[in-house]
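Residue-level listing of the chains:
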Amino acid sequence: MFRTDEDDLFQYVIKNVGENWYDLERTIYNYCIAKSKEIPSEEIMKKDLQDYKSFKNQLVDFVKQRSAEQVKEKSYAYHLLKFFIEQRLPQSLYDEMDSEWFSFNYTPLDKVAGQIYPNVVFNYTAIHGTLENNNCIFGFHDDQQIKGLYRFIQKSLDDKYKPHVIYPTLNEANRLIFFGLSMGFIDAVYFKDIFMQISKPNDSNNRTRKEIIFITRDNGSMQNIKMNLQDIGINIQSLMTNNEVNFFMTSEGFEENKINNMLI
């Protein structure tokens, strides 16, 4: 798929997406917002929808290729999952589970858990579906500014989109661990309300301070997380004052004891 002479979704994405894959949905959203203001012909919108589907298919193919690679045992992601499983063996993970896992990734996390401990039972919620189940959700959040056929790029209009329980879990949990999540604009719908709530000083109900852990690559990505939260209206100073907030950098190398102490 290669075109150079058209003012359409494909060319806009190629010119504006940047280096980070997580910018793709935001870039498509920005394009659809702009086009919704001028309401192009149905023919143009249909062509843009085809471009959107092509981007989705290419992203799925890319993730499939990466998922075929061997899991790195000296990685933070591997060790987090391994530690979680070990704390619950030999009992079934179904029994009195005190932690819940949510994944924004399309790779089947239960299969990764199976590579760590074969035949282990592992339950989690795939927010945007998985490659294995062929139900990947790709697009952006609901927005009344989106018009015409561009509304079909909203995640909620995907026929495979299913409601989830992430918000009540975030609300009830004492400790929140975010691994590799940029906290960007597109996925803000999942955590904006709870972050706004816990940024406020403890009220008469004596709300428990939450422990919030962000596991990210380096100082640059840490600053990006903070700025993304600011962009959706979160007061970082209030968030860090009213809760225990910590950042762990994967670029600093793998330290098993450090991770264990973080999770205990």
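Residues numbered from 1 in each chain as written. Predicted model: local features only at pLDDT ≥ 70, side-chain atom pairs only at ≥ 80, totals over all residues. Heavy atoms only, no water.

**As for unusual backbone geometry**
Phi is positive for I39, close to 45°, though the residue is something other than glycine. Among the structural elements, I39 can be located in the loop between α2 (23-38) and α3 (42-67). Residue M183 is not a glycine yet carries a positive backbone phi of 60°. Here M183 is to be found in the loop between β3 (175-179) and α7 (192-198). For M183, a relative accessible area of 0% gives the class buried. (Helix = DSSP H or I, 4+ residues; strand = E, 2+ residues; numbered from the N terminus. Buried < 20%, exposed > 50% of the residue type's maximum accessible area, 1.4 Å probe, protein only.)

**Some remarks on the environment of K160**
For K160, the location among the structural elements is in the loop between β2 (125-126) and α6 (166-172). Sequence separation between K160 and N134 is 26 residues, and the spatial gap between their C-alpha atoms is 9.2 Å.

**Brief notes about the packing of aromatic side chains**
Across all of its chains, the model carries 14 aromatic pairs by this definition. Between F10 and F55 the ring centres are 5.9 Å apart and the planes differ by 15°, which places this aromatic pair in the stacked class. Here the residue F10 occupies a position in helix α1 (residues 9-16), and F55 occupies one in helix α3, the gap between them amounting to 45 residues. Considered together, F10 and F55 belong to a single accessibility category, that of buried residues. One aromatic cluster in this structure is built from F178, F191, F195, F214 and F247. (Phe/Tyr/Trp six-rings, centres within 6.5 Å; stacked < 30°, edge-to-face > 60°.)

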